[in-house]
Each structure stands twice: as structure tokens, then as C-alpha cells.
Amino acid sequence: MPVLRRTPQETRVLISDTSPYGSRVLEVESDHIATAAYLRRSDGHTVAAAWIANHQDASPHPDLARLNAGLVPAMPSNHTKHPKGRPAPDPRSLEIVWFEEGDGAAVLEDGQPLCVIPGWSDMDRGLPGYSREALGQSPFAFALDDEIEDLGPRILQAQAFWEWRSGAGAWEGFQQSVLGHLLGRLGPGGYYWHDVGRQWRARPGSGSGGGEHPVVGVSERPALDDRSYRVLSTVGMSCQRMPTVELYEDNVGDHARIELAVATTLPSQRAGSIFPWLAQYPWRAVTSFAAGDNVKWYHEAKTFPLGSNWEGVLLLDDPGRLAGPAAPDMKGFSFGGDPVQWLWLVPITEAERQFGKDEGPDALIERLARKGRSWIVGED
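Residues numbered from 1 in each chain as written. Predicted model: local features only at pLDDT ≥ 70, side-chain atom pairs only at ≥ 80, totals over all residues. Heavy atoms only, no water.

1. Some words on the overall build of the protein
Summing up its helical and strand segments, the protein has 9 helices and 18 strands in all. In terms of its C-alpha atoms, the protein occupies a principal-axis envelope of roughly 75 × 45 × 35 Å. Expressed as a percentage of its 380 residues, the buried residues of the protein come to 55%. Sequence-distant contacts in the protein: of pairs separated by 6 or more residues, those separated by 24 or more amount to 62%. As displayed, the protein offers around 16,500 Å² of accessible surface, 48% of which is attributable to carbon and sulfur atoms. One finds the centroid of the 36 positive side-chain charges in the protein at a distance of 5 Å from the centroid of its 50 negative side-chain charges. (Helix = DSSP H or I, 4+ residues; strand = E, 2+ residues; numbered from the N terminus. Buried < 20%, exposed > 50% of the residue type's maximum accessible area, 1.4 Å probe, protein only. Contact = heavy atoms within 4.5 Å. Areas by Shrake-Rupley, 256 points an atom, 1.4 Å probe, with all protein chains shown as cover. Lys, Arg positive; Asp, Glu negative; His and termini not counted. Charge placed at Lys NZ, Arg CZ, Asp CG, Glu CD.)

As C-alpha cells, this is what we get:
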């Protein structure tokens, strides 16, 4: 049975907003029967939704004809606080607040939560968002009252984050904190690339949706007398939590903030060109990176920045599991009360990537270690 679908010709949009990362759009749509909120990908596909209110007497049963016609659903009478209906929200009273991760948002009415579609809401799995007007659980909305103790603070945190992020000097202060950490762990800096994600956003078909965040730079740390390789590290990925982490981890804060690094003997300009692809990847694709993940290069192998023999990267939190010198200790930096984890890039073949996907990351790392694969990236 279709749930929370809609026909554009039959509805009007009360408010619409694109996430700061450009990967999601939230729209509140209404007709004379009901109002609902829809969370969509940038290509228009509906990811999740939440009924908001009825505007006339509710039926005791779902209106199947309305559902089958793809219209905004009307909530059955036993699941709404106002079985007689309430007026449609005034668009001027509505505000959309995106969560820091960009995978969900809240709709406020006169500054108060009206509905929330968190990152775990999923139409395909029958998990709608939460509505202030809903009672109990239905296919169209869960009661916001039942979760407001958790979701209310998240809305306030999101508002505070975006207020801080738009403030004068916010990015510069964060940037200097990361650079100071890199100085202590890796020594003096060399070249610095500003906003490498902008290069990717400008590419046709990048799928970024035009979002202006996150801003991510890349810092070069040249080789030293006691270090034969240079290190390139992102600066800015940890400024915001990654999407979807709460779907997989109970302690979200320990896994939500990362920076990426590559240790290499390749020319910095060449090796650093890996980062425009990866720097915005979690927010562009609405996913997360974790130790042991592998990511497939989006284009032909001959264009892969780290060498034409490779077709993807493995993300390592402990490079010491592979051959090479002792890795620098990158621990000790935190932001927003969360520890930041540095994940090291190791290039892999497509066959190795598929092996890791089928057998798991530990099996892949063990296979690479047996082959003597180094975590230092050099010539093919």
C-alpha cells in the first residue's frame, strides 16, 4: 500500500529548503485535506516523510482511495490529537532546521517543533517521521511527544551549530585548531589547499546538489630528516558529524568525526588530488566513513590519483597493521565534545575491494599484510 506519496498537481508547497550539503530537500506540502513533510534526495526521490495535520473530520480508517491516488494522507481519527482537524500551517510561521549531519531535519511552527524527520526515518522500511499532532504510531507518523526528550535537545543543538558555523571567524578558528594539532603531531606545514570540495562541486554529474558545506582544506606536511614520506591531511571534515552513524553505532560521538590522511612519496600535487573526491563524500552521498571501509573510485582506473594499478581506497585507523615505519600518533584532537579519528588511505585494486566487501575488512588487511603491502603510498 503506498504511504505518504503525493501528486504535485494536487498540492501546494508551504515551505521548501535544501540542506547545507545539497544532498537532501525538505518540503512541506498541503491540500484542503491534510499536510505532510517530505524528505527527498536531490534527484527528487522521497526518502522519508511525516504526516503533520488533518484539516477536516478524520475517518476511523485510512483513506485507501486517497493513498492510491498518491495524495497527502489523512490520519485516521485514533492517531490524531485533533480528529476534527486543524487549520493548515501558515507558511510564514514555518522554519526548517537541518541537523548537523544533514540527513534529517525538523519543521518548527512559531518556533516550536511541529514535526521531525531524523536520519533513521525510512519510507521503504516503514519508519515515518515524528509529528506533534500524532498519537501513538501509524504508517504516517509517530508521536513526537514520545521522543521529544531526545529530539528536542537535538533541534536546539542543530540551531546552535548553524548559528556558530555562520558566525564571523568560526571556520578560521576551527581551521587553526586542526592545523595546530597537525603541527604537534607531524611537524611544520608546507602547501595548503583551500576548500578542495569546491573542485568536486563544480564537476558535472557530481551529485552534490550545490551545497556549500562542508568546507575542507588539505594540509601538506613535508618529509623530515627522520621521516622519508610526506603526509597530506584533510582539515575540516571533523567540523561536522557524518550522516547515518547513529544507524550503526550506539555511542555516536566516538565515531562521528573524522579526518582523512595519506602518507606518500608521490608528488604532493598528485597525491592530494585524491581529496576532492573524498572530502565531501559522506555528506554528498549521505553515508559515513569508518575504519575498514573501502571506497570504489568513481571513474576509470587510469585516472585514479594514486596510480593506475588501483581502483579504490581502504580506510585504516591503525596503519601499523601493514608494512612500513611506525605511524604517527594522531590522537588527541576533539571537536564538539567528540574525539576526532584520522583514517589513513591505502590504495587497493578492485579485486581486493571486492574481497574486503565479501570477507570483511580484517581479512582484507591480513591479506595485504601477507603480501607486504605498505601503508606508505609510492609509485605503482
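2. A few points about the sheet that holds strand β3 (residues 34–41)
In spatial order, the strands read β1-β2-β3-β4; together these 4 strands make up an open sheet with antiparallel pairing. Looking along the sheet, the strands with just one partner apiece sit at the ends: β1 (12–18) and β4 (46–54). The sheet shows a mean angle of 15° between the axes of neighbouring strands, direction not considered. Relative to β3, strand β2 (residues 24–30) runs antiparallel, the two being bridged by 7 bridges. Looking across to β3, one finds that Arg24 is bridged to Arg41. (Pairing = 2+ DSSP bridges. Axes fitted to C-alpha atoms, helices over the stretch in contact; angles between N-to-C directions.)

3. With respect to the packing of helix α8 (residues 350–359) against helix α9 (residues 361–370)
It is the contact of α8 with α9, at a shortest axis distance of 6 Å, that shows an interaxial angle of 140°. Put simply, α8 runs oblique to α9. Contacts between α8 and α9 involve Glu352, Phe355, Gly356 and Glu359 from the former and Pro361, Ala363, Leu364, Arg367 and Leu368 from the latter. (Parallel < 35°, antiparallel > 145°, perpendicular 65-115°, else oblique.)

4. Structural notes on α8
Within the sequence span of α8, burial applies to Glu350, Glu352, Arg353, Phe355 and Gly356. In this structure, the buried side of α8 is in contact with β14 (294–296), β18 (341–348) and α9. Once α8 finishes, Gly360 follows within two positions and takes phi at roughly 100°, a positive value.

5. Describing the packing of aromatic side chains
What the rule picks out here adds up to 20 aromatic pairs. Ring centres 5.0 Å apart and planes at 75° place the aromatic pair Phe174 and Phe335 in the edge-to-face group. Remark: Phe335 occurs in strand β16 (residues 334–335) and Phe174 occurs in helix α3 (residues 170–186); sequence separation between them is 161 residues. Considered together, Phe174 and Phe335 belong to a single accessibility category, that of buried residues. A network of ring pairs unites the aromatic residues Tyr21, Phe161, Trp162, Trp164, Trp171, Phe174, Trp283, Phe333, Phe335 and Trp342 as a single cluster. The cationic tip of Arg154 hangs over the ring face of Phe99; the distance from NZ or CZ to the ring centre is 4.6 Å. Its guanidinium or amino end placed over the ring of Phe355, Arg367 lies 3.7 Å from that ring's centre, counting from NZ or CZ. (Phe/Tyr/Trp six-rings, centres within 6.5 Å; stacked < 30°, edge-to-face > 60°. Lys NZ or Arg CZ within 6 Å of the ring centre and 35° of its normal.)

6. Digging into the sheet that holds strand β15 (residues 312–316)
An order of β10-β11-β12-β13-β18-β15-β14 is seen for the 7 strands of this open sheet, with the pairing classed as mixed. What marks the edges here is a single partner per strand, and that holds for β10 (192–193) and β14. Summarising the sheet, β14 and β15 pair through 3 bridges and their orientation is antiparallel. Bridge pairing in β15 places Val295 opposite Val313. The sheet contacts of α3 involve β10, β11 (217–221), β12 (230–235), β13 (258–264) and β18, and relative to β12 the element is tilted by about 155°. Sheet contacts for α8: β14 and β18; angle to β14, the most-contacted strand, approximately 135°.

7. A short note on the layout of surface pockets
By volume, the largest pocket is sized at about 420 Å³. Lining the largest pocket are 21 residues, and of these Glu100, Glu101, Gln157, Arg241 and Arg257 sit closest to its centre. The leading source of residues in the lining of the largest pocket is helix α2 (residues 148–165), at 6 residues. Taken together, the residues that form the lining of the largest pocket break down as 9 nonpolar, 4 polar and 8 charged. (1 Å grid on protein atoms, 1.4 Å probe; cavity = no way out; pocket = protein on both sides within 12 Å on 5 of 7 lines; lining within 4 Å. Points joined across faces, edges and corners; volume = space filled by probe spheres on them. Nonpolar A, V, L, I, M, F, W, Y, C, P; charged D, E, K, R; others polar.)

8. What to know about unusual backbone geometry
Phi is positive for Asp110, close to 50°, though the residue is something other than glycine. Mapped onto the elements, Asp110 comes out in the loop between β6 (105–109) and β7 (112–117). According to the relative accessible area criterion, Asp110 is exposed, its value standing at 62%. Notably, Val286 is not glycine yet its phi reads approximately 50°, a positive angle. Its location among the elements puts Val286 in the loop between α7 (281–285) and β14.

9. Some words on the pattern of salt bridges
A full pass over the atoms with the stated rule returns 23 salt bridges. For the salt bridge of Arg41 with Asp43, the shortest nitrogen-to-oxygen distance reads 2.9 Å. The exposure class assigned to Arg41 is partly exposed, which follows from its relative accessible area of 35%. Residue class for Asp43 comes out exposed when judged on its relative accessible area of 53%. For Arg132, the salt bridge is made with Glu109, and the minimal N-O distance between the two is 2.5 Å. Taken together, the residues span a long stretch of sequence, with Arg132 in the loop between β8 (130–131) and β9 (142–143) and Glu109 in strand β6 at a distance of 23 residues. Here the salt bridges share partners, and the residues they tie into one network are Arg86, Glu109, Arg132 and Glu133. (Salt bridge = Lys/Arg side-chain N within 4 Å of Asp/Glu carboxyl O.)

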